[in-house]
Amino acid sequence: MNVELLSTLLRNAKVVSYFNVVSAVILVYDILITLDEESLSIWSGKMTWSKVLYLVTRYSTLIEVGVVLWEQIVPGTWYRQCKISFDINVWLFIIGLGIGEIVMSLRTWAVWKRDKNLGRFLLVFWPLCWGGGFAICGIWSRTVKFDPSPMALFKGCYVTDASSILFVAWLILLVYDTCIVYYVYLFGISALNIIVVLVLPRDLATLLSMPERVLHAAFTCRVVLHIRALTRQEQLTTEASSIQFRSDERDKSKDVKSKSTYASGVTMDRTTADPAPAGSGGAAV
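Residues numbered from 1 in each chain as written. Predicted model: local features only at pLDDT ≥ 70, side-chain atom pairs only at ≥ 80, totals over all residues. Heavy atoms only, no water.

### Some points on the overall build of the chain
Move 1: Secondary structure assignment for the chain yields eight helices and two strands.
Move 2: Traced from its N-terminal end to its C-terminal end, the chain shows the element sequence α-α-α-α-α-β-β-α-α-α.
Move 3: Looking at the chain as a whole, 36% of its 285 residues qualify as buried.
Move 4: Accessible surface for the chain amounts to roughly 17200 Å². Of this, 68% is attributable to carbon and sulfur atoms. (Helix = DSSP H or I, 4+ residues; strand = E, 2+ residues; numbered from the N terminus. Buried < 20%, exposed > 50% of the residue type's maximum accessible area, 1.4 Å probe, protein only. Areas by Shrake-Rupley, 256 points an atom, 1.4 Å probe, with all protein chains shown as cover.)

Okay, structure coming up:
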């Protein structure tokens with residue numbers, strides 16, 4: 001391997017690692033700033049399926065980021081371990097992303113007032129899209145090749161080859177987000193990933209994979225927390241209105257009772273002040 005090619009591969013590996021570190025920082029930051037709302041909306045009260053989907057979407061991403069960061073600090077000779085951890089992370093990635101899309105699809109269904117036709121469509125469309133996504137990622141994962149680092153001091157997993165078929169998986173995600181989720185930024189990130197896979201060198205194929213995973217999870221979880229915060233606020237407003245209504249009713253009742261008591265008192269006073277005249281049937285003296 002010539003020096004120029006080796007230098008390019010090492011530089012590309014560093015660029016990917018920088019993007020992964022930035023993704024980890026964004027994830028941790030988002031978790032910290034939403035922790036208060038999460039404790040109110042998710043951890044308090046009865047656990048439901050929607051809460052479980054939220055937790056899987058949120059914290060499976062944390063596991064994936066941890067695995068990716070581990071791959072960046074292992075010795076360069078651990079190429080077999082790198083392949084195993086990479087394959088595991090691919091499946092964690094696609095499963096977590098798919099569950100996140102379920103959450104967003106349920107949100108879309110709710111916006112459409114739980115339309116039955118849309119519900120039937122989602123029950124068919126999601127398995128088709130994500131079944132294809134699973135198949136593509138499985139095929140692509142087999143093409144990813146790790147080799148021992150040519151430099152003894154180099155740390156991290158050293159990718160030497162990967163198929164460009166991965167763009168099909170990003171295309172499926174782009175189509176699904178366009179049809180169901182309606183989020184422009186998710187569409188944009190998926191489009192950028194397709195360009196990266198088709199245009200850039202193969203060792204940069206995962207350049208935007210972790211940023212998209214982290215941002216997708218962050219946007220999805222923010223939507224869930226926002227909806228639950230609005231629901232909680234509406235409940236508080238309804239309860240406050242109900243309390244105010246009952247208070248007004250009590251005040252009205254007291255006012256009516258007070259007026260009734262006052263009227264009775266006035267009537268009695270008039271009766272005492274103006275006694276009835278003596279009867280005309282008495283005998284004259």
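More follows now that the structure is in view.
### Looking at the layout of surface pockets
Move 1: Roughly 780 Å³ of internal volume is contained in the largest pocket.
Move 2: Lining the largest pocket are 42 residues, and of these Val16, Asn20, Glu71, Phe86 and Thr206 lie nearest its centre.
Move 3: For the lining of the largest pocket, the secondary-structure elements that each account for two or more residues are helix H1 (3–33), helix H3 (49–73), helix H4 (79–111), helix H5 (116–143), helix H6 (166–181) and helix H8 (209–273).
Move 4: With nine residues, the single largest contributor to the lining of the largest pocket is H1.
Move 5: Partitioning the lining of the largest pocket into residue classes produces 28 nonpolar, nine polar and five charged. (1 Å grid on protein atoms, 1.4 Å probe; cavity = no way out; pocket = protein on both sides within 12 Å on 5 of 7 lines; lining within 4 Å. Points joined across faces, edges and corners; volume = space filled by probe spheres on them. Nonpolar A, V, L, I, M, F, W, Y, C, P; charged D, E, K, R; others polar.)

### Quick word on the environment of Asn193
Move 1: With respect to the helices, strands and loops of the structure, Asn193 is situated in helix H7 (residues 184–199).
Move 2: Note on Asn193: relative accessible area 0%, which makes it buried.
Move 3: The sequence separation of Asn193 and Leu171 amounts to 22 residues, and the corresponding C-alpha distance is 8.9 Å.
Move 4: With residues up to four places along the chain from it excluded, the contact list for Asn193 reads Trp170, Leu208, Ser209 and Glu212. (Contact = heavy atoms within 4.5 Å.)

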